[in-house]
Amino acid sequence: MNAVLEQISKIGIVPVVKIDNAADALPLAKALCAGGLPCAEVTFRTSAAAEAIKIMTDNFPSMCVGAGTVLNAEQVDAAVAAGAKFIPGLNPRTVKYCVEKNIPITPGTSSPSDIEQAIELGLDVVKFFPAEQSGGLAKIKAMAAPYVNMKFMPTGGVNAKNLTSYLDFPKIIACGGSWMVPGDLINAGEWDKIEQLTREAVQTMLGFELAHVGVNAENEEEAVKAANRFAFIFGMPAKVGNSSVFAGSALEVMKTPYLGKNGHIAVKTNYIERAVNYLSTVLGVEFNEESAKRDAKGNLKAIYLKEEIGGFAIHLVQK
């Protein structure tokens, strides 16, 4: 997967926008970035599309902006000249043109024969459109079985209610959607509402929840005593581990002092890589890379923030 698609995968959601007035591009880009989605697919169905893409990319160079509904080579050239980093094309000739020019493209597919054409062109990521109307997640899973190296970006009918169902399937790199950027809000210039909807979409995707609180004890005896007392009062099972003692899943007492003046707070998330990307790029949060824990396949499972809050170290854990 190329660098642009890797970036899209870390963001997780691609807002699909239709811009009728190029003057709306700058405040829209500000709202999306402030809400946590520095990404957009601008449909090329309007005369303002190319100028809108240029305004977005000129003012937000790190924003990943693509051009959607690109129908021919001329539109590809116009979109790329404006700053588009990816093309979700549908026309086979347009796809071939992008492949020849080394322009990242995710061709629209809805059937196995479409996927086979993409494979012949050497592609490993396709757009699945219109997702819900074409069979949704069940069809993606069915098609992913024989095409083991293909990954998907479903768009069309994806919303806050089904977003995580799609993203939970590992063959899906991201979802495209317009529920956080409805046309009526764009045309009315309601940028605060778009920012709020964008932030809600990100929070829905990441699903932050308190996992447990860790308390630093001086030694194993104190750790066992504290965990057992907590477990007794609240009717939770106590479990002794190598470095700590758990009382249910809510409290962890460390046998020796660990990170954090008082201990640590664990926050679980649906997608830890996306959470790290969001917190670092959007909120400026720094992470302690030396604390990262990965599984045998190299997937990130836990990582600490560099800062402490209220005397507690904070770490993310994958649900």
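Residues numbered from 1 in each chain as written. Predicted model: local features only at pLDDT ≥ 70, side-chain atom pairs only at ≥ 80, totals over all residues. Heavy atoms only, no water.

### Section: the side chain of T43
Part 1 of the argument: Counting through the fold element by element, T43 comes out in strand β2 (residues 39–43).
Part 2 of the argument: A residue is classified by how much of its surface remains accessible, and T43, at 3% relative accessible area, is buried.
Part 3 of the argument: Those residues in contact with T43, other than ones at most four positions away along the chain, are V16, V17, K18, A49, G68 and T69. (Helix = DSSP H or I, 4+ residues; strand = E, 2+ residues; numbered from the N terminus. Buried < 20%, exposed > 50% of the residue type's maximum accessible area, 1.4 Å probe, protein only. Contact = heavy atoms within 4.5 Å.)

### A short note on the nonpolar core
Part 1 of the argument: Ranked by size, the top nonpolar core spans 88 residues in total, and within it I8, L28, M56, I87, F152, I172 and L316 carry the most contacts.
Part 2 of the argument: Look past the residues within four positions of L316 in its chain and what remains in contact with it is F208, V267, I272, A275, V276, L279, F287, K301, A302 and I303.
Part 3 of the argument: Residues A217, V245, L251 and V253 belong to the second largest nonpolar core, which totals eight residues. (Core = buried A, V, L, I, M, F, W, Y, C linked by side-chain atoms within 4.5 Å.)

### Focus: the sheet that holds strand β11 (residues 251–254)
Part 1 of the argument: Here eight strands make up an open sheet; going across it, the order is β9-β10-β11-β8-β12-β15-β14-β13 and the pairing mixed. Of all the strands in the sheet, the pair left with one neighbour each is β9 (238–240) and β13 (287–294). Averaged over all adjacent pairs, the angle separating strand axes in this sheet is 20 degrees, with direction ignored.
Part 2 of the argument: Inspection of the sheet shows strand β8 (residues 209–216) paired to β11 by four bridges, in the parallel sense. Paired with V215 across the strands is V253, a residue of β11.
Part 3 of the argument: Taken strand by strand, helix α11 (residues 220–234) contacts β9, β10 (244–247) and β11, and its axis lies near 5 degrees from that of β10. (Pairing = 2+ DSSP bridges. Axes fitted to C-alpha atoms, helices over the stretch in contact; angles between N-to-C directions.)

### What about the pattern of salt bridges?
Working definition: two side chains of opposite charge can pair if their charged atoms are close together.
Part 1 of the argument: Using the criterion set out here, one finds ten salt bridges in the structure.
Part 2 of the argument: A salt bridge links K268 to E209; the nearest nitrogen and oxygen atoms lie 3.8 Å apart. Of this pair, K268 sits in strand β12 (residues 263–269) while E209 sits in strand β8, placing them 59 residues apart in sequence.
Part 3 of the argument: In this structure K268 comes out as partly exposed when scored by relative accessible area, which is 27%.
Part 4 of the argument: As a salt-bridge pair, E209 and K319 come within 3.3 Å of each other at their nearest N and O atoms. Taken together, the positions of E209 in strand β8 and K319 in the segment after β15 (312–318) put the pair 110 residues apart, joining distant regions of the chain.
Part 5 of the argument: Salt bridges here are not isolated pairs; linked through shared partners, they connect E209, K268 and K319. (Salt bridge = Lys/Arg side-chain N within 4 Å of Asp/Glu carboxyl O.)

### Some remarks on the state of the cysteines
Part 1 of the argument: In total, this model carries zero disulfides according to the counting rule given.
Part 2 of the argument: Here C39 is not disulfide-linked; the sulfur of C64 is the nearest cysteine sulfur, at 4.6 Å.
Part 3 of the argument: Residue class for C64 comes out buried when judged on its relative accessible area of 0%. (Disulfide = S-S within 2.5 Å.)

### A look at the sheet that holds strand β5 (residues 125–128)
Part 1 of the argument: Ordered in space as β4-β5-β6, the three strands form an open sheet in which the pairing is parallel. Single-partner strands in this sheet number two, and they are β4 (108–109) and β6 (151–154).
Part 2 of the argument: In the sheet, β4 pairs with β5 via two bridges, with the strands oriented parallel. Bridging across to β5, T109 finds its partner in F128.

### Comments concerning empty space enclosed by the protein
Part 1 of the argument: Per the counting criterion, the structure on display carries one cavity of 30 Å³ or more.
Part 2 of the argument: Volume-wise, the largest cavity comes out at about 50 Å³.
Part 3 of the argument: Forming the walls of the largest cavity are K10, I11, G36, V202, M205, R274, N277 and Y278.
Part 4 of the argument: Secondary structure elements with two or more residues in the lining of the largest cavity: α1 (3–11), α10 (191–206) and α12 (272–281).
Part 5 of the argument: Tallying contributions element by element places α12 first for the lining of the largest cavity, with three residues.
Part 6 of the argument: Its residues placed into classes, the lining of the largest cavity shows four nonpolar, two polar and two charged. (1 Å grid on protein atoms, 1.4 Å probe; cavity = no way out; pocket = protein on both sides within 12 Å on 5 of 7 lines; lining within 4 Å. Points joined across faces, edges and corners; volume = space filled by probe spheres on them. Nonpolar A, V, L, I, M, F, W, Y, C, P; charged D, E, K, R; others polar.)

### Examining helix α5 (residues 92–100)
Part 1 of the argument: Turning to α5, its buried residues number three or more, namely T94, V95, Y97 and C98. Here the buried residues of α5 occupy an arc of 160 degrees about the axis, which is enough to place them on one side. Counted as exposed and oriented over 90 degrees from the buried face of α5: R93 and E100.
Part 2 of the argument: Looking at the packing, one finds that the buried side of α5 touches α4 (73–82).
Part 3 of the argument: Looking at where α5 begins, the residue whose side-chain oxygen comes 2.8 Å from the main-chain nitrogen of R93 is N91.
Part 4 of the argument: The first or second residue beyond α5 is N102, which carries a positive phi of 60 degrees. (Arc of directions from axis to C-beta. Polar contact = N/O pair within 3.5 Å; in protein donor to acceptor, adjacent residues only side chain to side chain.)

Taken by themselves, the reported measurements are silent on function.
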